[in-house]
There are 2 protein chains.
Amino acid sequence: MTTSEQMGFRALADPTRRNILQLLAHQSLTIAEVADNFDMTRAAVKKHLTVLQDGNLISVQVEGRTRLNALNPDGLQQLLSWFDFFDAFWDTRLNTLKSAIEKDMQ
Amino acid sequence: MTTSEQMGFRALADPTRRNILQLLAHQSLTIAEVADNFDMTRAAVKKHLTVLQDGNLISVQVEGRTRLNALNPDGLQQLLSWFDFFDAFWDTRLNTLKSAIEKDMQ
DNA sequence: TATATATGAAACCGAACGGTATCATGTCAA
DNA sequence: TTGACATGATACCGTTCGGTTTCATATATA
């Protein structure tokens, strides 16, 4: 059972992949463009992008011979929701803040 | 550079460790007690607990010959805060609505 | 068509990972 | 003190991981 959650957390486990996500937050980029930002082979970056895609953290739009990688906020949100399990353990101050936010979103 | 953030995300990458965290959310447990909940050696569970401690996700209180493992909400909270970077990308629906409204007001 | 460009894919390598088995250590209790 | 019990620690093993190198494929473009 390799759940989407598992793939997502695995994807976040590597610092390079977390950096890629922050890169793509600013702008969607092709593989070569992403690779320009790192001191490693394009092939290595491609592997990281595949892992990120498997974790549903990025979406890919093929356009001719290029491949545009975009951040997928939904995937990140799903991982975020895992933390909800621990809601009862956040500290009171934070709980208050959270309540305020949730109330604000109604 | 093995930052606390890196250790934290690495700790979350394994499903067994995430399960241990949820276990400890209900109740602090000794190593043997945690191990009772999994189909693996106590030594293996001990390793997982060490990784969780390195990631600052659990705290350990030694009491005589036993070792009580407790959830550390602060560590989880620190990992949660990593997601704040993407705040501008959350709630696409609301952002879309906001854009629509702004466009409409021009 | 020929060529440069962007990516796909596979083999390979050392290191880290998840797990086991085994033995050592410290502590409680009779 | 002796023995049971909870844990510490280490060696070992197969697999996965992060990375490189190399070559193949597809697509713009001159």
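For the structure itself, consult the block above.
Only a predicted model underlies this, so the values are computations on that prediction, with no experimental measurement involved.

Cut-off values and rules
Residues numbered from 1 in each chain as written. Chains lettered and ligands numbered in written order. Predicted model: local features only at pLDDT ≥ 70, side-chain atom pairs only at ≥ 80, totals over all residues. Heavy atoms only, no water. Contact = heavy atoms within 4.5 Å. Buried area = accessible area lost by both parts, 1.4 Å probe. Salt bridge = Lys/Arg side-chain N within 4 Å of Asp/Glu carboxyl O. Polar contact = N/O pair within 3.5 Å; in protein donor to acceptor, adjacent residues only side chain to side chain. Nonpolar A, V, L, I, M, F, W, Y, C, P; charged D, E, K, R; others polar. Least-squares fit on C-alpha atoms with pLDDT ≥ 70 in both. Helix = DSSP H or I, 4+ residues; strand = E, 2+ residues; numbered from the N terminus. Core = buried A, V, L, I, M, F, W, Y, C linked by side-chain atoms within 4.5 Å. Buried < 20%, exposed > 50% of the residue type's maximum accessible area, 1.4 Å probe, protein only. Pairing = 2+ DSSP bridges. Near = heavy atom within 4 Å. Axes fitted to C-alpha atoms, helices over the stretch in contact; angles between N-to-C directions. Parallel < 35°, antiparallel > 145°, perpendicular 65-115°, else oblique.

Novice: I tried to follow the interface of chain B and chain A on my own but got confused; where do I start?
Specialist: A common measure of how large an interface is: the accessible area buried when the components associate. With 28 residues of chain B in contact, the opposing surface of chain A contributes 27 residues. Here chain B meets chain A over a buried area of about 2,600 Å², counting both sides, of which 73% is carbon and sulfur. Counting across the interface, chain B meets chain A through 2 salt bridges. One salt bridge connects A:Glu5 with B:Arg18, and the closest N-O pair in it is separated by 3.7 Å. At the boundary of chain B and chain A, one finds 4 residue pairs in polar contact (both at pLDDT 80 or more). Split by residue class, the side of chain B that touches chain A holds 18 nonpolar, 5 polar and 5 charged.

Novice: Teacher, can you tell me more about the relation of the copies chain B and chain A here?
Specialist: Here the two chain copies are tied together by a rotation about an axis and a shift along that axis. Laying chain B over chain A is done by rotating through 180° and shifting 0.0 Å along the axis; what remains is an RMSD of 0.1 Å. Here the two chains are linked by the operation of a two-fold rotation axis. No C-alpha of chain B approaches the rotation axis more nearly than that of B:Ala13, which lies at 3.0 Å. A share of 93% of interface residues in chain B that are also interface residues in chain A marks the association as one of identical surfaces.

Novice: Looking at this model, I keep getting lost on unusual backbone geometry. Mind explaining?
Specialist: Backbone phi values are negative for most residues with the exception of glycine, while trans is the configuration of most peptide bonds. The residue A:Asn56 is not glycine, and still its phi comes out positive at about 65°. Structurally, A:Asn56 is set in the loop between helix 4 (42–54) and strand 2 (58–63).

Novice: Is there a simple way to think about the nonpolar core in this case?
Specialist: Looking at soluble globular proteins, one finds that nonpolar side chains tend to be buried together. Counting 52 residues, the largest nonpolar core has A:Leu21, A:Leu76, A:Phe83, B:Leu21, B:Leu76 and B:Phe83 as the members making the most contacts within it. Residue contacts for A:Leu21: discarding those within four places in its chain leaves A:Leu12, A:Leu52, A:Leu57, A:Ile58, A:Leu71, A:Leu76, B:Trp82 and B:Phe86.

Novice: Please clarify how the pairing of strand 3 (residues 66–71) of chain B should be interpreted in this entry.
Specialist: Side chains on a regular strand alternate between the two faces of the sheet. All names here are of chain B. Strand direction decides the pairing type here: strand 1 (residues 29–30) and strand 3, joined by 2 bridges, are antiparallel. Looking across to strand 3, one finds that Leu 29 is bridged to Asn 69. When strand 2 (residues 58–63) meets strand 3, the two strands line up antiparallel, connected through 6 bridges. By the bridge assignment, Val 60 is partnered in strand 3 with Asn 69. Between strand 2 and the antiparallel strand that follows it, strand 3, lie 2 residues; Gly 64 among them carries a positive phi value of about 65°.

Novice: I keep staring at the protein's contact with DNA strand D and nothing clicks. Help me out?
Specialist: Among the 20 residues in the neighbourhood of DNA strand D, the closest are listed as A:Thr41, A:Lys47, A:His48, A:Gly64 and B:Lys46. Of what DNA strand D places within 4 Å of the protein, 64% of the atoms are sugar or phosphate. Contacts to DNA strand D include B:Arg65, whose side-chain N or O atom sits 3.1 Å from a base oxygen. Between DNA strand D and B:Arg67 there is a distance of 2.7 Å, counted from a phosphate oxygen to a side-chain nitrogen or oxygen. The set of elements that each furnish at least two residues to the surface near DNA strand D consists of helix 4 of chain A together with helix 3 (31–36), helix 4 (42–54) and strand 3 of chain B. The leading source of residues in the surface near DNA strand D is helix 4 of chain A, at 4 residues. For the surface near DNA strand D, the class distribution of residues is 5 nonpolar, 5 polar and 10 charged.

Novice: I tried to follow the packing of helix 1 (residues 4–12) of chain A against helix 5 (residues 73–82) of chain A on my own but got confused; where do I start?
Specialist: Two packed helices can be described by the angle between their axes and the distance between those axes. Residue and element names in this part refer to chain A. Here helix 1 crosses helix 5 at 100°, and the two axes come no closer than 10 Å. The orientation of helix 1 relative to helix 5 falls into the category roughly perpendicular. Every residue of helix 5 that contacts helix 1 at Ser 4, Glu 5, Gly 8, Phe 9 and Leu 12 is listed here: Gln 78, Leu 79 and Trp 82. Considering only residue class, the contact of helix 1 with helix 5 consists of 4 nonpolar, 3 polar and 1 charged.

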